[in-house]
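Observations on the model geometry
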Amino acid sequence: MSTTDLTLTAITGGIGSGKSVVSRILRVLEYPVYDCDSRAKALMDADVIIKQQIIHDIDRETIAADGTIDRRRLASIVFADAEKLAALNAIVHSAVRLDIQRWAEDCGNSHAFVETAILFQSGLNETVTDEWRVSAPAGIRIERVMKRNSIARAEVEARMAAQAFSPSPEMRIPPLHEIINDGCHAVLPQIQTLLKQY
């Protein structure tokens, strides 16, 4: 299928908002979902050039002698240093965008989804048709991530701050729809309502 025939919706939201919950429901409903986070990790693991760039631009010790990536060390570095986070994003984003193009051509569906925490920073706002933003109160998000990743509150807050971003006026803003995932609002009916719009 040509990417011009495909409606590509971004599933966005900050860390701990519940993007993966929405993605899992969509997969059960038989919609294709591209997970930028997991695919970026796979691309990083497989691509020697990406690893060399990480060594050069971020930190030599994040890549072990056998080529494996110390993700905890890498995360602690980039989420504490805006310049190094920007460097990592620059390394990975172009690879992910190309991977999405290949995936979209092969997904065989008229409507597909891309899960991303950094829609504008990655440049994917230029690719998607619209945006489903998953939201939850900051306190709930922090508790979710602390439990899921076994990390301290300060580290979660640093990651949240690193993801915070306001698009500049010249950036293309796709149509925005909100999904509330606060533990009180049922998520499935919200998704079903949005799907009826297509």
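In short, a report on the structure. Keep in mind that this is a model prediction, so the values were computed, not measured.

1. Notes on the packing of helix α4 (residues 71-78) against helix α5 (residues 82-106)
Here α4 crosses α5 at 125°, and the two axes come no closer than 7 Å. Accordingly, the angle class assigned to the pair α4 and α5 is oblique. Contacts from Leu74, Ile77 and Val78 of α4 reach α5 at Ala82, Lys84, Leu85 and Leu88. Of the residues belonging to the contact of α4 with α5, the class tally is 6 nonpolar, no polar and 1 charged.

2. What to know about the environment of alanine 154
You can see alanine 154 is positioned in helix α7 (residues 153-163). Judged by its relative accessible area of 56%, alanine 154 is exposed. Distance in space between the C-alpha atoms of alanine 154 and isoleucine 142 is 9.4 Å, their sequence separation being 12 residues.

3. Quick word on the pairing of strand β4 (residues 130-135)
Of all 6 residues in β4, 5 are buried; the element is thus mostly enclosed. Sheet topology places strand β1 (residues 7-12) next to β4; 4 bridges connect them, and they run parallel. Bridge pairing in β4 places alanine 10 opposite glutamate 131.

4. Topic: the packing of aromatic side chains
In total, this model carries 4 aromatic pairs according to the counting rule given. Ring centres of tyrosine 31 and phenylalanine 113 lie 5.8 Å apart, and the angle between their planes is 85°; on these two criteria the pair is classed as edge-to-face. Here the residue tyrosine 31 occupies a position in the loop between α1 (19-28) and β2 (33-35), and phenylalanine 113 occupies one in strand β3 (residues 111-115), the gap between them amounting to 82 residues. The structure contains a cluster of three or more aromatic residues connected by ring pairs, namely Tyr31, Phe113, Trp132 and Tyr198.

5. Some details on helix α6 (residues 138-149)
An ideal rise of 1.5 Å per residue puts 16 Å on 12 residues; α6 measures up with 16 Å between its terminal C-alpha atoms. Regarding α6, the residues found buried are Arg141, Ile142 and Val145. Here the buried residues of α6 occupy an arc of 100° about the axis, which is enough to place them on one side. The elements touched by buried residues of α6 are α7. Downstream of α6 by a residue or two, serine 150 has a phi angle that is positive, lying close to 55°.

6. Examining the state of the cysteines
This structure, assessed with the given rule, holds 0 disulfides. For cysteine 107, which is in no disulfide, the shortest distance to another cysteine sulfur is to cysteine 36 and amounts to 14 Å. Exposure remark for cysteine 107: the relative accessible area of 18% places this residue in the buried category.

7. Thoughts on the pattern of salt bridges
Note on pairing: side chains with opposite charge can pair once their charged atoms come close. Inspection of every chain in the model, using the stated rule, returns 9 salt bridges. A salt bridge links arginine 71 to aspartate 45, with the shortest nitrogen-to-oxygen separation between them at 2.6 Å. In this pair, arginine 71 sits in helix α4 while aspartate 45 sits in helix α2 (residues 36-46), placing the two residues 26 residues apart along the sequence. Across the pair glutamate 126 and arginine 172 runs a salt bridge whose closest N-O atoms are separated by 4.0 Å. Linking glutamate 126 in the loop between β3 and β4 with arginine 172 in the loop between α7 and β5 (176-180), this pair joins segments that are 46 residues apart in sequence.

8. What to know about the sheet that holds β1
If you trace the 5 strands from one edge of the open sheet to the other, you get β2-β3-β1-β4-β5, paired in parallel fashion. The sheet is open, and its two edges are formed by β2 and β5, each paired on a single side. When the angles between neighbouring strand axes are averaged without regard to direction, this sheet yields 25°. Note that β4 and β5 share 5 bridges and pair parallel. Bridging across to β5, arginine 133 finds its partner in glutamate 178. Along the sheet, helix α8 (residues 187-195) makes contact with β3, β4 and β5, crossing β5 at roughly 160°.

Here is what the cut-offs are and how they apply
- Residues numbered from 1 in each chain as written.
- Predicted model: local features only at pLDDT ≥ 70, side-chain atom pairs only at ≥ 80, totals over all residues.
- Heavy atoms only, no water.
- Axes fitted to C-alpha atoms, helices over the stretch in contact; angles between N-to-C directions.
- Helix = DSSP H or I, 4+ residues; strand = E, 2+ residues; numbered from the N terminus.
- Parallel < 35°, antiparallel > 145°, perpendicular 65-115°, else oblique.
- Contact = heavy atoms within 4.5 Å.
- Nonpolar A, V, L, I, M, F, W, Y, C, P; charged D, E, K, R; others polar.
- Buried < 20%, exposed > 50% of the residue type's maximum accessible area, 1.4 Å probe, protein only.
- Pairing = 2+ DSSP bridges.
- Phe/Tyr/Trp six-rings, centres within 6.5 Å; stacked < 30°, edge-to-face > 60°.
- Expected span 1.5 Å × (residues − 1).
- Arc of directions from axis to C-beta.
- Disulfide = S-S within 2.5 Å.
- Salt bridge = Lys/Arg side-chain N within 4 Å of Asp/Glu carboxyl O.

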